[in-house]
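Coordinate inspection notes
In case you want the letters, here they are:
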Amino acid sequence: MARRLTCPCGEMFREETDDELVEKVQAHLAAEHPDHQYSRDEILFISY
Ligand SMILES: [Zn+2]
């Protein structure tokens with residue numbers, strides 16, 4: 001099952017594994033939302 005997450009800014013992520021999703025989302029947050037850093041557990045909690 002792929003993991004999906006939509007950032008509040010509208011960016012959508014769809015990755016095959018939890019690890020890839022966390023990596024992509026954390027890179028996006030660092031680049032676009034430096035004030036909003038989330039841990040791996042938080043990212044997986046809000047993904048679907
Ligand atoms: Zn975003």
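Reference entry: report on the structure contained in this document.

Scoring rules and cut-offs
- Residues numbered from 1 in each chain as written.
- Predicted model: local features only at pLDDT ≥ 70, side-chain atom pairs only at ≥ 80, totals over all residues.
- Heavy atoms only, no water.
- Pairing = 2+ DSSP bridges.
- Helix = DSSP H or I, 4+ residues; strand = E, 2+ residues; numbered from the N terminus.
- Donors = N, O, S within 2.8 Å, 3.2 Å for Na, K, Ca; no water.
- Tetrahedral: all angles 85-135°; square planar, octahedral: opposite > 155°, others 65-115°.
- Salt bridge = Lys/Arg side-chain N within 4 Å of Asp/Glu carboxyl O.
- Buried < 20%, exposed > 50% of the residue type's maximum accessible area, 1.4 Å probe, protein only.
- 1 Å grid on protein atoms, 1.4 Å probe; cavity = no way out; pocket = protein on both sides within 12 Å on 5 of 7 lines; lining within 4 Å.
- Points joined across faces, edges and corners; volume = space filled by probe spheres on them.
- Nonpolar A, V, L, I, M, F, W, Y, C, P; charged D, E, K, R; others polar.

**A word on the pairing of strand S1 (residues 3-6)**
In this structure, S1 lies alongside strand S2 (residues 12-15), joined through four bridges in antiparallel fashion. Paired with Thr-6 across the two strands is Met-12, which belongs to S2. What sits between the antiparallel neighbours S1 and S2 is a turn of five residues, in which Gly-10 has the positive phi angle 105°.

**A few points about the coordination of the zinc ion**
Angles at a metal have ideal values that depend on geometry: 109.5 degrees with four tetrahedral donors, 90 or 180 degrees with six octahedral donors. Taken together, Cys-7 (SG), Cys-9 (SG), His-28 (NE2) and His-33 (NE2) make up the protein donors of the zinc ion, found 2.0 to 2.3 Å from the metal. Between the four donor atoms coordinating the zinc ion, the angles at the centre fall across 104 to 114°, so the site counts as tetrahedral.

**Some details on the pattern of salt bridges**
Using the criterion set out here, one finds four salt bridges in the structure. Linking Asp-18 and Arg-3 is a salt bridge whose minimum nitrogen-to-oxygen distance equals 2.7 Å. Taken as a pair, Asp-18 in helix H1 (residues 18-32) and Arg-3 in strand S1 lie far apart in primary sequence, 15 residues in all. Taking the relative accessible area as the measure of exposure, Asp-18 reaches 27% and is therefore partly exposed.

**Side note on the layout of surface pockets**
Think of a ball as big as a water molecule: rolled over the atoms, this probe shows where empty space is left. For the largest pocket, the calculated volume is near 170 Å³. Every residue lining the largest pocket is counted, 13 residues in all, and those nearest its centre are Cys-7, Pro-8, Leu-29, Tyr-38 and Ile-46. Counting only elements with at least two residues in the lining of the largest pocket, the list comes to S1 and H1. Considering only residue class, the lining of the largest pocket consists of nine nonpolar, four polar and no charged.

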